[in-house]
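Close look at the chain arrangement
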Amino acid sequence: NFFSNSKLLFVLSCFIFVSCSKTKIEGSIGTNSTTNDSTTIYIAGNIGDEPVLWKNGTAEILSKTAGAAYQETVSDTNVYVAGENGGQYVYWKNGIQNNIVSYYNGLSSISLIENNVYYSTFYSCWENGSMIKLPDQWVVYSTFAAGNDIYFVGDDSANDAVYWKNNILNVVARPPVPFSGSDPVAVDGPNADCIYVSGNDVYVGGNVFGGAAVYWKNGIADTLHSAIIGSGMVTINSIFVSANDVYVSGNVLAIEGA
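Residues numbered from 1 in each chain as written. Predicted model: local features only at pLDDT ≥ 70, side-chain atom pairs only at ≥ 80, totals over all residues. Heavy atoms only, no water.

Focus: unusual backbone geometry
Excluding glycine, most residues fall at negative phi; most peptide bonds, likewise, are trans. Worth spelling out the cut-off: Helical segments are the DSSP runs of H or I of at least four residues, strand segments are the runs of E of at least two, and each set is numbered from the N terminus.
With phi around 55 degrees, E114 is a residue other than glycine that occupies positive phi space. Position of E114 relative to the elements: it lies in the loop between strand 10 (109-113) and strand 11 (116-120). Of note in this structure, N159 is not a glycine but carries a positive phi near 65 degrees. As for its placement among the helices and strands, N159 is situated in the loop between strand 15 (149-156) and strand 16 (161-165).

In structure tokens:
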């Protein structure tokens, strides 16, 4: 078994949000002007057991009690961070905590369409604090908003790696054998853990049979390998696309005896 013969070398599961603004500098003569891009980078994570949001490397402690910050998104001038704190799945809006439901397992994710807040909590998903049910839903790992379209990503009851776009189920990958058990998560099949939409392209990150990290672009798989000698990529936890460049973060395991 790949996992039983491995030890954890490195885990990276941060979620990065990049916000860009432009500053126009007027020339002193005539109408000449220069436009400079100013990029703000947000990273959600932890210092010890305190949930933290970093903005361009400066840390903001979200809570002094034990918790975790998993993912952030920016809407207008508002910064939202999904996580858990005090036994609750929560999100922070500009540092103010909002409770969703009791914490039980797994990461949480948040996305925004105008003033509507969408939230995923492993076995459930929410719209403005009210639980919603997706077709053939089993687990939900992440949510993403693109324009007026809302996406959730996870596994269906047949253990397919899937995403839902506006409540419509789309299968990304199927397990090697039909699922017939009671817990799809425990089966060695494909998992869809994160999603990013760029134009008409849908990128889904996760893993496949045997623990290989992979992302799918419009259903076409690209298996990833670790650059660390004697180790292997296990899964992708976050994915970001800029032009033709695809960025991922995830888990790397060192294989004993390698």
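Digging into the sheet that holds strand 8 (residues 88-93)
Put simply, the rule reads: Note: two strands are recorded as paired if DSSP finds a minimum of 2 bridges between them. Angular values range over 0 to 180 degrees, each being the angle between N-to-C directions of two axes fitted as lines to C-alpha atoms, with helices fitted over their stretch in contact.
Overall, antiparallel pairing links the 4 strands, which are arranged 6-7-8-9 in an open sheet. Of all the strands in the sheet, the pair left with one neighbour each is strand 6 (67-75) and strand 9 (96-102). Strand-to-strand, the axes of this sheet are offset by a mean angle of 20 degrees, without reference to chain direction. Taken together, the 8 bridges between strand 6 and strand 7 (residues 78-85) define a ladder with antiparallel strand orientation. Bridge pairing links S75 to N78 in strand 7.

With respect to the nonpolar core
Threshold: Residue types Ala, Val, Leu, Ile, Met, Phe, Trp, Tyr and Cys, when buried and joined through side-chain atoms within 4.5 Å, form a set referred to as a nonpolar core. Note on classification: 1.4 Å probe, protein chains only; a residue is buried when its accessible area is under 20% of the maximum for its type, exposed when over 50%, partly exposed between these limits. Whether two residues touch is decided by their heavy atoms; if any such pair falls within 4.5 Å, the residues are in contact.
Formed by 27 residues in total, the largest nonpolar core has its most connected members in F144, Y151, Y163, I195, V202, V204 and W216. Secondary structure elements with two or more residues in this core: strand 14 (137-146), strand 15, strand 16, strand 17 (168-173), strand 18 (191-198), strand 19 (201-208), strand 20 (212-217) and strand 22 (231-242). The element that contributes the greatest number of residues to this core is strand 18, accounting for 5 residues. Sequence-distant contacts of V204, that is, excluding residues within four places in its chain, are made with V153, Y163, V172, A192, C194, I195, V214, Y215 and W216. Within the second largest apolar cluster, 13 residues are counted, among which are Y80, L112, Y119 and V139.

Some thoughts on the pattern of salt bridges
Two side chains of opposite charge can pair, provided their charged atoms sit close to one another. Operational definition: By convention in these notes, a salt bridge is any Lys or Arg side-chain nitrogen within 4 Å of a carboxyl oxygen on Asp or Glu.
Counted under the stated rule, the structure contains 2 salt bridges. Taking the shortest distance from any N to any O, the salt bridge between K165 and D149 comes out at 4.0 Å. Placement of the pair is K165 in strand 16 and D149 in strand 15, with a sequence separation of 16 residues. Looking at K165, the relative accessible area reads 33%, which means it is partly exposed. D160 is the salt-bridge partner of R174, the closest N and O atoms lying 3.0 Å from each other. Here the residue R174 occupies a position in the loop between strand 17 and strand 18, and D160 occupies one in the loop between strand 15 and strand 16, the gap between them amounting to 14 residues.

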